[in-house]
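The chain contents come next:
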Amino acid sequence: MVCASVLSGVIVIHQPAHASEPAAVSLADYIAIVAAVNEIGLAADMRDWPRVREQFADEVFVDYTSLAGGQPARIKADDLVASWRAFLPGFTVTQHLVGSHRVSVDGERASVLSQFIATHRLADATGGELWTLGGHYRHTLHKTGAAWKVDAITMTWTWQSGNTELPKLAARAKGADALP
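As the structure is a computational prediction, the values presented were derived from the model and not from experiment.

Trainee: Looking at this model, I keep getting lost on the overall build of the protein. Mind explaining?
Mentor: From N to C terminus, the protein includes five helices and eight strands. When the elements of the protein are put in sequence order from the N terminus, they spell out β-β-α-α-β-α-β-α-β-β-β-β-α. Split into buried and exposed, the 180 residues of the protein put 39% on the buried side. Carbon and sulfur atoms provide 54% of the accessible area of the protein, an area that totals close to 9,500 Å².

Right, dumping it as structure tokens:
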């Protein structure tokens, strides 16, 4: 397994101490993997649902239990995107920033550990207009032809600030579930 991260614009390759030969992650694969992860948040913030869907395999293992409780589940990507499409427009605006990617590649499989900050605004909301959440994502991807597709996403929040009632208010505004 090879692990890569970017420091000052340079790809740093990490490999197990027991590896006998240098391992390589192609620059093209690294860029495509990180782009797929980043595009999910950016396209969701732009409400470009077809573009969000393009980043996923047909089925996705989803674990948002650190925030919403419940159980992780394997669901159709179309259903995941539909739940976000029903929920996120309840906010006036959202901004999902994902970075500090640590990419591990093993053949046609990849894993990405990233930090995130997600800010949600609902204009004129009682209790405050902003809710910000921070933590990390773990995405796994597989290569399909030339494309990398996300087939698992785990979100673990480590902090939040602002109006924690905002998800409920936004869901109410759209008639959706509070936390997809």
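That shown, we press on.
Trainee: Would you mind showing me how to read the pattern of salt bridges here?
Mentor: Any two side chains of opposite charge can pair, on the condition that their charged atoms come close. Using the criterion set out here, one finds eight salt bridges in the structure. In this structure, D58 engages R53 in a salt bridge whose closest nitrogen and oxygen atoms are separated by 2.9 Å. We note a salt bridge from R121 to E129, for which the minimum N-O separation is 2.9 Å. One network of salt bridges, with partners in common, ties together E39, R51 and E54.

Trainee: So what exactly am I meant to see when it comes to empty space enclosed by the protein here?
Mentor: Rolling a probe over the atoms, with the probe sized like a water molecule, indicates the empty space that remains. Under the definition given, this model contains one cavity of 30 Å³ or more. Taken as a whole, the largest cavity holds about 330 Å³ of empty space. Taken together, 23 residues make up the lining of the largest cavity; nearest its centre are Y64, W84, H96, H120 and Y137. Split into classes, the residues belonging to the lining of the largest cavity amount to 19 nonpolar, four polar and no charged.

Trainee: Sorry, what's going on with helix α4 (residues 77-87) here?
Mentor: Because the α-helix completes a turn every 3.6 residues, residues three or four places apart line up on one side. Buried within α4 we find A77, L80, V81, W84 and F87. In an axial view of α4, the angular spread of the buried residues amounts to 130°, which keeps them on one side of the axis.

Trainee: What is the right way to look at the environment of H101 in this model?
Mentor: Inspection of the secondary structure assignment puts H101 in strand β5 (residues 93-106). Considered as a pair, H101 and V37 are 64 residues apart in the sequence and their alpha carbons are 9.3 Å apart. A polar contact is formed between the side chain of H101 and the side chain of S114, at a distance of 2.6 Å.

Trainee: Even after reading the chapter, I still don't get a nonpolar patch on the surface, so can you show me in this structure?
Mentor: Where nonpolar side chains cluster on the molecular surface, the patch consists of L97, I117 and W159 and spans about 270 Å² of accessible area. Along the chain, I117 turns up in strand β6 (residues 109-121). Given a relative accessible area of 37%, I117 falls into the partly exposed group.

Trainee: Looking at this model, I keep getting lost on the packing of aromatic side chains. Mind explaining?
Mentor: For any pair of aromatic rings, the description consists of the separation of the ring centres together with the inter-plane angle of the planes. Evaluated as defined, the whole model comprises three aromatic pairs. The interplanar angle of 40° and the centroid separation of 4.7 Å between the aromatic rings of F116 and Y137 together place this pair among those described as tilted. You can see F116 sitting in strand β6 and its partner Y137 sitting in strand β7 (residues 130-144), a full 21 residues away along the chain. By relative accessible area, which is 4% here, F116 ends up buried. With relative accessibility at 10%, the residue Y137 sits in the buried group.

Trainee: Is there a simple way to explain helix α1 (residues 27-45) in this structure?
Mentor: In this model, α1 (19 residues) spans 27 Å end to end at C-alpha, consistent with the 27 Å of a helix rising 1.5 Å per residue. At E39, α1 is bent by approximately 30°, the largest bend along its length. D29, Y30, I33, V34, A36, V37, E39, I40, G41, A43, A44 and D45 are the residues of α1 that are buried. Backbone geometry just downstream of α1 places R47 in the positive-phi region, at approximately 60°.

Thresholds, definitions, all that
- Residues numbered from 1 in each chain as written.
- Predicted model: local features only at pLDDT ≥ 70, side-chain atom pairs only at ≥ 80, totals over all residues.
- Heavy atoms only, no water.
- Helix = DSSP H or I, 4+ residues; strand = E, 2+ residues; numbered from the N terminus.
- Buried < 20%, exposed > 50% of the residue type's maximum accessible area, 1.4 Å probe, protein only.
- Areas by Shrake-Rupley, 256 points an atom, 1.4 Å probe, with all protein chains shown as cover.
- Salt bridge = Lys/Arg side-chain N within 4 Å of Asp/Glu carboxyl O.
- 1 Å grid on protein atoms, 1.4 Å probe; cavity = no way out; pocket = protein on both sides within 12 Å on 5 of 7 lines; lining within 4 Å.
- Points joined across faces, edges and corners; volume = space filled by probe spheres on them.
- Nonpolar A, V, L, I, M, F, W, Y, C, P; charged D, E, K, R; others polar.
- Arc of directions from axis to C-beta.
- Polar contact = N/O pair within 3.5 Å; in protein donor to acceptor, adjacent residues only side chain to side chain.
- Patch = residues over 30% accessible without salt bridge, like charges linked within 9 Å, V, L, I, M, F, W, Y side chains within 5 Å.
- Phe/Tyr/Trp six-rings, centres within 6.5 Å; stacked < 30°, edge-to-face > 60°.
- Expected span 1.5 Å × (residues − 1).
- Bend = angle between axes of the 7 residues up to and from the residue.

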